[in-house]
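The primary structure of each chain is shown beneath.
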Amino acid sequence: MPFTATVLTMFPEAFPGPLGVSLIGTAWREKGLWDLQTLDIRAFSEDKRGFLDDTPAGGGPGAVLKADVVARALDSLEGPPRPLLYMSARGRPLTQARVKEWAKADGIVVLCGRFEGVDQRVLDARGFEEISVGNAVLAGGEAAAMVAIEACVRLVPGVLGAAESLSSESFEDGLLEHPQYTRPRSFEGHDIPEVLLSGDHKKIAQWREAQREETTRERRPDLWAAHLAKTAAEPGSAKSKAKGAKARGE
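Residues numbered from 1 in each chain as written. Predicted model: local features only at pLDDT ≥ 70, side-chain atom pairs only at ≥ 80, totals over all residues. Heavy atoms only, no water.

Another point: the overall build of the chain. When its secondary structure is counted, the chain shows eight helices and nine strands. Against the compact-globule benchmark of 18 Å for 250 residues, the chain has a radius of gyration of 23 Å, which places it well outside the compact range. The proportion of buried residues among the 250 residues of the chain is 37%. Sequence separation of at least 24 residues holds for 73% of the intrachain contacts in the chain that already meet a minimum separation of 6. Total accessible area computed for the chain in this model is approximately 15000 Å², and 53% of it derives from carbon and sulfur atoms. Taken as two groups, the 32 positive and 36 negative side-chain charges of the chain have centres that lie 5 Å from each other. (Helix = DSSP H or I, 4+ residues; strand = E, 2+ residues; numbered from the N terminus. Rg over C-alpha atoms; globule rule 2.2 N^0.38 Å. Buried < 20%, exposed > 50% of the residue type's maximum accessible area, 1.4 Å probe, protein only. Contact = heavy atoms within 4.5 Å. Areas by Shrake-Rupley, 256 points an atom, 1.4 Å probe, with all protein chains shown as cover. Lys, Arg positive; Asp, Glu negative; His and termini not counted. Charge placed at Lys NZ, Arg CZ, Asp CG, Glu CD.)

Below is the structure:
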């Protein structure tokens, strides 16, 4: 069985969207390296009018997706258990580390909310992990679901072709990726850095590493702080050796 992403949504027509194009789309439609399924949760409403939401308990604006409707949709799925994700602005941030774990599974099941969200009881009872793709609120979970699915699928062996292309990407070792350049050599007064044209692979590697550190320090101080802490704790690092010498009274 290929890696299978199943989306529980009120709007299955939103898919595949960007998941159906380029290498990821080819890996799905032509190579069968992964599979995409959508399930219309409207079909699991027992209300004669097809309602699948109700007013919030305790009052307030909007509507909440009902726990029993979501549960019936989830219970209709077959196959091995997979991680259950609920795309939510109040969830834990989507990280590359979590994506790598999900990509090792048989697939993922992604619930897309609408209105004011989903009854918390079904999330708790079924073990959904609430995931946020950023500090912003969307109208629904479909766009966020595509982000999570694409992040997973691109790690499936064979989808992107060259596995080594993944090794120096942002977040793989806690740092952001270095800037990229290609021809023409000069563009609107901006030139390709000379070191990249030198042919000296050692200098190029050093330049790229320095760029990754500078970019991370400027744009993501949280990642930079974590990187410094990790580096200091690694055996053999300068800070680690200093701490060892101090502990020994040297």
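Attention shifts here to helix α3 (residues 96-103). Listed as buried for α3 are Q96, V99, W102 and A103. Each buried residue of α3 sits inside an arc of 120° when the element is viewed along its axis, so together they form one side. Residues of α3 that are buried make contact with β1 (3-9), β5 (84-93), β6 (107-112), β7 (129-132) and α5 (142-153). (Arc of directions from axis to C-beta.)

Let us now look at the nonpolar core. Within the largest apolar cluster, 28 residues are counted, with the highest numbers of intra-cluster contacts made by W34, L36, M87, I108 and I149. Sorting the residues of this core by element identifies β1, α1 (22-29), β2 (34-40), β5, α3, β6 and α5 as the ones contributing at least two each. If you tally residues by element for this core, the top one is α5, at eight residues. Discounting chain neighbours no more than four positions away, the residues touching I149 are A5, V7, L19, W34, L36, I108 and V110. Within the second largest apolar cluster, 21 residues are counted, among which are I41, L52, Y86 and L123. (Core = buried A, V, L, I, M, F, W, Y, C linked by side-chain atoms within 4.5 Å.)

A separate point is the pattern of salt bridges. Within this structure, the stated rule accounts for 13 salt bridges. Here D47 ties to R49 by a salt bridge, and the two come within 3.3 Å at their closest N and O atoms. Where E130 meets R90, a salt bridge forms, and the shortest distance between an N and an O atom there is 2.9 Å. Of the two residues, E130 is situated in strand β7 and R90 in strand β5; the sequence distance between them amounts to 40 residues. Among the residues examined, E130 registers a relative accessible area of 14% and is labelled buried. (Salt bridge = Lys/Arg side-chain N within 4 Å of Asp/Glu carboxyl O.)

Okay, the sheet that holds β2 next. A sheet is described by the order of its strands in space; here five strands give the open sequence β2-β1-β6-β5-β7, paired in parallel fashion. Every other strand in the sheet has two partners, leaving β2 and β7 as the edge strands with one partner each. In this sheet, neighbouring strand axes are inclined to one another by 35° on average, regardless of whether the strands run parallel or antiparallel. This element, helix α2 (residues 67-75), spans β1, β2, β5 and β6 of the sheet and lies at about 155° to β1. Contacts from α5 reach β1, β2, β5 and β6, with the element oriented near 170° to β6. (Pairing = 2+ DSSP bridges. Axes fitted to C-alpha atoms, helices over the stretch in contact; angles between N-to-C directions.)

The terminal C-alpha atoms of helix α6 (residues 201-219) lie 27 Å apart, and with 19 residues this matches the ideal 27 Å at 1.5 Å per residue to within 8%. Three or more residues of α6 are buried, namely I204, W207, R212, T215 and T216. Looking straight down α6, one finds that the buried residues subtend no more than 160° of arc, so they occupy a single side. Turning to α6, the residues buried within the fold contact α7 (221-233). Taking the backbone nitrogen of K202 as reference, a side-chain oxygen 3.2 Å away marks D200 as the first, capping residue of α6. (Expected span 1.5 Å × (residues − 1). Polar contact = N/O pair within 3.5 Å; in protein donor to acceptor, adjacent residues only side chain to side chain.)

This part covers the pairing of β7. Of the two faces of β7, the one holding E129 and I131 and the one holding E130 and S132 are both buried throughout. Examined bridge by bridge, β5 and β7 share five bridges and lie parallel to one another. Considered in β7, the bridge of P93 is made with S132.

Turning our eyes to something else, we now look at the packing of aromatic side chains. How two aromatic rings sit relative to each other is given by the distance of their centres and the angle of their planes. Applying the stated rule across the entire model yields two aromatic pairs. An angle of 40° between the planes, with centres 5.7 Å apart, marks the rings of W28 and W34 as tilted. You'll find W28 and W34 in the same group, each marked buried. Above the plane of the ring of F11 lies R42, whose end atom (NZ or CZ) is 5.4 Å from the centre. The aromatic ring of W224 is capped on one face by R217, whose charged end is 5.2 Å from the ring centroid. (Phe/Tyr/Trp six-rings, centres within 6.5 Å; stacked < 30°, edge-to-face > 60°. Lys NZ or Arg CZ within 6 Å of the ring centre and 35° of its normal.)

In contact at an axis separation of 5 Å, α6 and α7 are set at 125° when each is read in the N-to-C sense. Taken together, α6 and α7 sit at an angle that is classed as oblique. Residues E213, T216, R217, E218 and R219 of α6 form the contact with α7, whose own contacting residues are P221, L223, W224 and H227. (Parallel < 35°, antiparallel > 145°, perpendicular 65-115°, else oblique.)

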